[in-house]
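# Inside the fold
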Amino acid sequence: MRLEKQNTTPLHRERGQGEGPQGSLISGAEAMMRSLENQGVDVLFGYPGGAIMPTYDALYDHKDKLHHILVRHEQAAVHAAQGYARVSGKVGCAIVTSGPGAMNTITGVADALMDSTPLVVICGQVGAAMLGTDAFQEVDVVGVTQPITKWNYQIRRAEDIAWAVARAFFIASSGRPGPVVLDFTKNAQTAMIEYQPQAIDFIRSYNPNPQPAEGAVEKAAQMINESVKPFMLVGQGVELADARKELLALCEKAQIPFATTFLGLSAVPSDHPLNMGRLGMHGNLAPNVMTNQCDLLIAVGMRFDDRVTGNLKNYAKQAKIIHLEIDPSEVDKNVKVDLPVLGDCKQTLPAITKYVEKTTHKSWIEGFKPYDEKEYNKVIEPALHPTEGPLLMGEIVRKVSDAANSEAIMVTDVGQNQMFGCRYFNFTKPRSVVTSGGCGTMGFGIPAAIGATFGAPDRTVCMFCGDGGFQMTIQELGTIMEQRCPVKMILLNNNYLGNVRQWQYMFFNKRYSFTPMLNPDYEKIAAGYGIPCKTVIDRKDLDAAISEMLSTDGPYILQCAVKEEDNVLPMTPPGGNVDEMLLEVK
């Protein structure tokens, strides 16, 4: 859901205008600080530089209200803001300078768009009079970020700051959330204005909460009532809408089994009796197979990603499909559906439940069990309870989850650590999964975990990372050191780029082209940052090390030497059908 850039400054076109003059003139930079405070911002992640320096000067006088976290690289500022947003439900905010500073945020902005994370990124820019002259550290930020934001805007006048900030936060947080970029010219930062705070809750060209078509709710209930083998797919949209209770009420009334996407993992309790597991390429066998056996597929707040659907030509062709979705652009984009139900699922789910008959689907639900047992015996039991050999990633993830009583926030980097984490970590609380889904951004883990500690300071944050991703943003150990962020970092070290190695093993004749890694001494690196670190090689030492990690105040690195050629299974081969998962590799 992307808003097109408007060429004129549309003051007074939107509901919610200024609340009256504040008195004396202030700088645009000061107006930015007051506007952020007016939006309820309490944490900023950023890195200063020349073009944003007036704003940082103003920030100096707002340190008590705006807690600024100095990261070590601008990419980390955005990933940290993502972690903050994902666990808090608030808009994450990052602030950087122009040119290279702004460009270093691009990966995180694109990641946020793919994963529907509400962000406002403020970038410094050269003065308006110098735009287009190739001035020092000038980059066309608006042009570069237009395809990867919900909205972007260049603030050329100080008079537009309050309006632009209010609009940015409204767009970022409403409807399907996403990132907004504000390009803040230096002259707008230094100009003097009479500040008027703004509040926006309506934009004429923007409909964040579409309404379902007439009769769609009743039709959805009818289709559910007539179904013999219904199956629900639970996406992150359920969590973003805070609709856990509403979804479970519908599923429990009609006894509809469900499975989750990776981003939707904590939207429902892991141990709910109707929870059949995880969808997708490295999900569970039963829900993937039963997707192609159900007679009704109900997708809620998910976008039918290719890692969930596999080969679209053979995806759920036997089933009627209902899609509950807030973003109309996602409907029929990948999978043609029989009934779209537009709107916020926190409203549409209970509306459907009202018309659904209380029933049972005992034999249908029982049909999942043989596949569960097959996967457990073939894959899960060996992964969780090995009796000999090197440590396995799966057993480490589950032991950490159990030791934290399944109440921790799980942050992952990208790769095998992510797949094992999503398979074997359990969840009881919402907003407990922070991972890079759509973009698959290596280096996401450490900074996202930093942000999560600020977004949910009362919760334990456990971050799983491979040795490849760990080194991509290893400089953020400096941020952890300075802030004493209580991140529990579990480094799964297999001396490989593990996920790529697995694909090379399975599909490229075991030709390990540039995936083996020579790693540094992580204990010495941790010591340099003053972070406690322990390395575990033997299985007998694992439980005690996990207990020490979780009981230590502040940050901790637990390095686990894991099996070098461990593979994530089951797996749907790329381009394969969802019901043709591999339980072993040869």
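Residues numbered from 1 in each chain as written. Predicted model: local features only at pLDDT ≥ 70, side-chain atom pairs only at ≥ 80, totals over all residues. Heavy atoms only, no water.

Let us now look at the pattern of salt bridges. Tallying each qualifying case throughout the model produces 17 salt bridges. The shortest N-O distance in the salt bridge between Arg34 and Glu30 comes to 3.0 Å. Of this pair, Arg34 and Glu30 both sit in helix H1 (residues 28–38), four residues apart, which is roughly one turn of that helix. Assessed through its relative accessible area of 29%, Arg34 is described here as partly exposed. One network of salt bridges, in which partners are shared, links Arg176, Asp327, Glu330 and Lys333. (Salt bridge = Lys/Arg side-chain N within 4 Å of Asp/Glu carboxyl O. Helix = DSSP H or I, 4+ residues; strand = E, 2+ residues; numbered from the N terminus. Buried < 20%, exposed > 50% of the residue type's maximum accessible area, 1.4 Å probe, protein only.)

Here we take up the pairing of strand E15 (residues 409–412). Of the two faces of E15, the one lined by Ile409 and Val411 and the one lined by Met410 and Thr412 are each fully buried. Bridge count for E15 against strand E16 (residues 433–434) is two bridges, and the pairing is parallel. Across the sheet, residue Val411 finds its bridge partner in E16, namely Val434. Note on the crossover from E15 through helix H18 (residues 416–424) to E16: the handedness is right-handed. (Pairing = 2+ DSSP bridges. Right-handed = clockwise from strand over helix to strand, strands pointing away.)

In this section: the layout of surface pockets. Of the voids in this model, the second largest pocket is the one considered here, and its volume is about 430 Å³. Around the second largest pocket, the lining comprises 20 residues; the ones closest to its centre are Gly277, Arg278, Asn284, Ile380 and Arg398. Broken down by secondary-structure element, the contributors of at least two residues to the lining of the second largest pocket are strand E11 (275–278), helix H16 (369–384) and H18. Among the elements that line the lining of the second largest pocket, the one with the most residues is H16, at five residues. Of the residues contributing to the lining of the second largest pocket, the split by class is eight nonpolar, seven polar and five charged. (1 Å grid on protein atoms, 1.4 Å probe; cavity = no way out; pocket = protein on both sides within 12 Å on 5 of 7 lines; lining within 4 Å. Points joined across faces, edges and corners; volume = space filled by probe spheres on them. Nonpolar A, V, L, I, M, F, W, Y, C, P; charged D, E, K, R; others polar.)

Quick look at empty space enclosed by the protein now. All chains considered together, the criterion is met by one cavity of 30 Å³ or more. In this structure, the largest cavity occupies an estimated 30 Å³ of space. Lining the largest cavity are Arg86, Gln236, Glu239, Leu240, Arg431 and Val433. With three residues, the top contributor of residues to the lining of the largest cavity is helix H10 (residues 236–240).

Moving on to the environment of Val109. If you trace the backbone, Val109 turns up in helix H5 (residues 106–114). What makes Val109 buried here is its relative accessible area of 0%. Sequence separation between Val109 and Gly178 is 69 residues, and the spatial gap between their C-alpha atoms is 8.7 Å. In contact with Val109, not counting residues within four places along its chain, are Val78, Val121, Ile148, Thr149, Pro179 and Val181. (Contact = heavy atoms within 4.5 Å.)

Treat this as a map of the structure, not an account of what it does.
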